[in-house]
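The primary structure of each chain is shown beneath.
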Amino acid sequence: QVELVESGGGVVQPGGSLRLSCAASGGTYRNYAMGWFRQAPGKEREFAAVIRKNGAIYYSDSVKGRFTISRDSAKTTAYLQMDSLRPEDTAVYYCVADSTLILSQIRNPGAYDYWGRGTQVTVSS
């Protein structure tokens, strides 16, 4: 059983930056794709970014060019560097992982077996 624990959320002004971390433990997570979803109040969960097992990286159009996903060499921790934050980025951010993720399903929340509990990001002046 893979456990994912997010950290790094908080309150930031528009234009600011935050770095989220996701620590993985248990299971054979080193062979897993890892990524991030987010959910704003009253909205469905939305794909943000993912690193697949082969190292390929994908972003949603809404965060591309502003957010950067990365993973440490031991593949135990994933990061989401968020720059040029906007009020519409306000959401709970969830770390996700899956061992069998295929390209056509990266934006489908149901394709991910493991989810963290989430960390709140609030962008407000």
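Residues numbered from 1 in each chain as written. Predicted model: local features only at pLDDT ≥ 70, side-chain atom pairs only at ≥ 80, totals over all residues. Heavy atoms only, no water.

## Quick look at the overall build of the protein
- For the protein, the helix and strand inventory stands at zero helices and eleven strands.
- Its helices and strands in sequence order give the protein the pattern β-β-β-β-β-β-β-β-β-β-β, from N to C terminus.
- Since a compact globule built from 125 residues should have a radius of gyration of about 14 Å, the 13 Å found for the protein is in line with a globular shape.
- Principal axes of the C-alpha set define a box for the protein whose edges measure 40 × 25 × 25 Å.
- Looking at the 125 residues of the protein, the share that counts as buried comes to 46%.
- Residue pairs at least 24 apart in sequence account for 60% of intrachain contacts in the protein once pairs closer than 6 positions are excluded.
- A total accessible area of about 6,200 Å² is found for the protein, and carbon and sulfur atoms account for 46% of it.
- Between the mean site of the 14 positive side-chain charges and the mean site of the 11 negative ones, the protein shows a separation of 4 Å. (Helix = DSSP H or I, 4+ residues; strand = E, 2+ residues; numbered from the N terminus. Rg over C-alpha atoms; globule rule 2.2 N^0.38 Å. Buried < 20%, exposed > 50% of the residue type's maximum accessible area, 1.4 Å probe, protein only. Contact = heavy atoms within 4.5 Å. Areas by Shrake-Rupley, 256 points an atom, 1.4 Å probe, with all protein chains shown as cover. Lys, Arg positive; Asp, Glu negative; His and termini not counted. Charge placed at Lys NZ, Arg CZ, Asp CG, Glu CD.)

## Side note on the pattern of salt bridges
- Counted by the stated rule, this structure contains four salt bridges.
- Its salt-bridge partner being R38, residue E46 comes within 2.8 Å of it at the nearest N-O pair.
- Taking the shortest distance from any N to any O, the salt bridge between D89 and R66 comes out at 2.7 Å. Here the residue D89 occupies a position in the loop between β8 (77-82) and β9 (91-98), and R66 occupies one in the loop between β6 (57-59) and β7 (67-71), the gap between them amounting to 23 residues. Summarising the burial analysis for this pair, D89 and R66 share the class buried. (Salt bridge = Lys/Arg side-chain N within 4 Å of Asp/Glu carboxyl O.)

## Quick look at the environment of W115
- Mapped onto the fold, W115 is located in strand β10 (residues 114-115).
- As a C-alpha pair, W115 and V11 span 104 residues in sequence and 22 Å in three-dimensional space.
- Discounting residues that sit within four places of it in the chain, W115 has contacts with L4, F37, R45, Y94, C95, V96 and P109.
- Polar contacts involving the side chain of W115 include one to the main-chain carbonyl oxygen of Y112, which spans 3.3 Å. (Polar contact = N/O pair within 3.5 Å; in protein donor to acceptor, adjacent residues only side chain to side chain.)

## Here's the deal with the packing of aromatic side chains
- According to the stated counting rule, one finds five aromatic pairs in the structure shown.
- Arranged with centres 5.2 Å apart and planes meeting at 75°, the rings of F37 and Y112 form a pair that is edge-to-face. Here Y112 lies in the loop between β9 and β10 and F37 lies in strand β4 (residues 33-39), a separation of 75 residues in the sequence. As far as burial versus exposure is concerned, F37 and Y112 are alike and both buried.
- An angle of 50° between the planes, with centres 5.3 Å apart, marks the rings of F37 and W115 as tilted. One end of the pair, F37, is in strand β4; the other, W115, is in strand β10, and 78 residues separate them in sequence.
- You can call W115 partly exposed: its relative accessible area is 25%.
- Above the ring of W115, the side-chain terminus of R45 is found at 4.6 Å from the ring centroid. (Phe/Tyr/Trp six-rings, centres within 6.5 Å; stacked < 30°, edge-to-face > 60°. Lys NZ or Arg CZ within 6 Å of the ring centre and 35° of its normal.)

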